[in-house]
Amino acid sequence: MPRVSQDHLDARRRQILDGARTCFARFGYEGATVRRLEEATGLSRGAIFHHFRDKESLFLALAEDDALRMAEVVAEQGLVQVMRDLLTNPVPTDADHPADWLGTRLEVSRRLRTDPEFRARWAERSRQLTDATRQRLLRQREAGNLRDDVDVDVLTSFLELVLEGLVSHLAMGLPADDLEPVLDLVEESVRRHRRTA
């Protein structure tokens, strides 16, 4: 029996995650039935659950993958850039538009409120974004670009709260066309202002 290459296994895992992202964003966690996951991924139940123990493990892997991508953006460009990306890539309204990580983030937020077991499992994984934000702010402070009258942990919490507020705003379907100046204000509020003589 020929062995399957690691590249093939990685590609199959990516195919499952991409299809599941679309399915979870469109139908939510509860509505993403095994049949819908099969349709979204183009794979059988056996193929999906060969890579992931169960639906919750698949969802957690997807959320963790998205959190890692967000953390990479934060490390390079900051948390406000993640928010700007949210504004330019809103959650899909139909199957013809690819889902982005906002759909997963919305579902994570909902499950955190309603599922204590999920909340405990997610807590282990959610530090990535906080750590990336904090490290970016520390680098900005060392470079003299970050205000120094507020503790970095307070600034980290501030930016995370703004992100959660933006996610809620978008989840309610409220207009987002005029939010760029708001994000400019958020960004400006954490910057160091040099006094001019």
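Before reading further, recall that the structure is shown in the block above.
What comes next concerns the included structure.

Basis of the calculations
- Residues numbered from 1 in each chain as written.
- Predicted model: local features only at pLDDT ≥ 70, side-chain atom pairs only at ≥ 80, totals over all residues.
- Heavy atoms only, no water.
- Helix = DSSP H or I, 4+ residues; strand = E, 2+ residues; numbered from the N terminus.
- Buried < 20%, exposed > 50% of the residue type's maximum accessible area, 1.4 Å probe, protein only.
- Contact = heavy atoms within 4.5 Å.
- Areas by Shrake-Rupley, 256 points an atom, 1.4 Å probe, with all protein chains shown as cover.
- Core = buried A, V, L, I, M, F, W, Y, C linked by side-chain atoms within 4.5 Å.
- Axes fitted to C-alpha atoms, helices over the stretch in contact; angles between N-to-C directions.
- Parallel < 35°, antiparallel > 145°, perpendicular 65-115°, else oblique.
- Nonpolar A, V, L, I, M, F, W, Y, C, P; charged D, E, K, R; others polar.
- Polar contact = N/O pair within 3.5 Å; in protein donor to acceptor, adjacent residues only side chain to side chain.
- Salt bridge = Lys/Arg side-chain N within 4 Å of Asp/Glu carboxyl O.

Side note on the overall build of the chain
Here comes step 1: Within the chain one finds ten helices and zero strands.
Here comes step 2: Across the chain, helices and strands are ordered from the amino to the carboxyl terminus as α-α-α-α-α-α-α-α-α-α.
Here comes step 3: The buried share among the 197 residues of the chain stands at 41%.
Here comes step 4: Within the chain, counting contacts between residues at least 6 apart in sequence, those at least 24 apart form 68% of the total.
Here comes step 5: Here the chain has roughly 11500 Å² of accessible surface; of this, 50% comes from carbon and sulfur atoms.

Section: the nonpolar core
Here comes step 1: One finds Leu79 and Leu163 to be the most contacted residues of the largest nonpolar core, which totals 28 residues.
Here comes step 2: Contributions of two or more residues to this core are made by α4 (55-77), α5 (79-88), α6 (101-114), α8 (127-142), α9 (152-171) and α10 (180-190).
Here comes step 3: In this structure, Ala47, Ala63, Val108 and Trp122 belong to the second largest nonpolar core, which totals 22 residues.

A closer look at the packing of α5 against α9
Here comes step 1: The interhelical angle for the contact between α5 and α9, taken along N-to-C directions, is 5°, at an axis separation of 10 Å. As the angle between them shows, α5 and α9 are arranged roughly parallel. Seen from α5, the contacting residues are Leu79, Val80, Val82, Met83, Leu86 and Leu87; seen from α9, they are Leu159, Glu160, Val162, Leu163, Leu166, Val167 and Leu170.
Here comes step 2: Along the lines of polarity and charge, the residues of the contact of α5 with α9 split into twelve nonpolar, no polar and one charged.

Some thoughts on α5
Here comes step 1: Burial analysis of α5 places seven of its ten residues in the buried class, which makes it a mostly covered element.
Here comes step 2: Listed as buried for α5 are Leu79, Val80, Val82, Met83, Arg84, Leu86 and Leu87.

A word on the side chain of Thr41
Here comes step 1: Assignment of secondary structure puts Thr41 in helix α2 (residues 34-41).
Here comes step 2: Ignoring sequence-local partners within four residues, the contact set of Thr41 consists of Gln15, Ile16, Gly19, Ala20 and Ile48.

Points about the environment of Leu166
Here comes step 1: Of note, Leu166 is situated in helix α9.
Here comes step 2: Counting along the chain gives 79 residues from Leu166 to Leu87, while the straight-line C-alpha distance between them is 9.0 Å.
Here comes step 3: The residues contacting Leu166, other than those within four sequence positions of it, are Met83, Leu86, Leu87 and Leu179.

Section: the side chain of Arg111
Here comes step 1: With respect to the helices, strands and loops of the structure, Arg111 is situated in helix α6.
Here comes step 2: Arg111 sits in the buried class, given a relative accessible area of 3%.
Here comes step 3: Only 2.9 Å separates the side chain of Arg111 from the side chain of Glu56, close enough to count as a polar contact.
Here comes step 4: When sequence neighbours within four positions are dropped, the list of residues in contact with Arg111 reads Tyr29, Glu56, Phe59 and Phe118.

Things to note about the environment of Tyr29
Here comes step 1: With respect to the element layout, Tyr29 can be found in helix α1 (residues 6-31).
Here comes step 2: The exposure class assigned to Tyr29 is buried, which follows from its relative accessible area of 8%.
Here comes step 3: Put simply, Tyr29 and Thr104 are 75 residues apart on the chain and 9.1 Å apart in space, counted from C-alpha to C-alpha.
Here comes step 4: For Tyr29, the contacting residues outside a window of four places in its chain are Phe24, Lys55, Glu56, Phe59, Glu107, Arg110 and Arg111.

Brief notes about the pattern of salt bridges
Opposite charge on two side chains permits pairing when their charged atoms draw close.
Here comes step 1: If you walk through the whole model with that rule in mind, you get 18 salt bridges.
Here comes step 2: Here Arg21 ties to Asp18 by a salt bridge, and the two come within 3.3 Å at their closest N and O atoms. Of this pair, Arg21 and Asp18 both sit in helix α1, three residues apart, which is roughly one turn of that helix.
Here comes step 3: When its relative accessible area of 6% is taken as the criterion, Arg21 is described as buried.
Here comes step 4: Looking at Asp18, the relative accessible area reads 36%, which means it is partly exposed.
Here comes step 5: Note that Asp65 and Arg21 form a salt bridge whose closest N and O atoms lie 3.3 Å from each other. Of this pair, Asp65 sits in helix α4 while Arg21 sits in helix α1, and the two are 44 residues apart along the sequence. With respect to burial, Asp65 and Arg21 carry one shared label: buried.
Here comes step 6: Through salt bridges with shared partners, a single ionic network connects Arg14, Asp18, Arg21, Asp65, Asp66 and Arg69.

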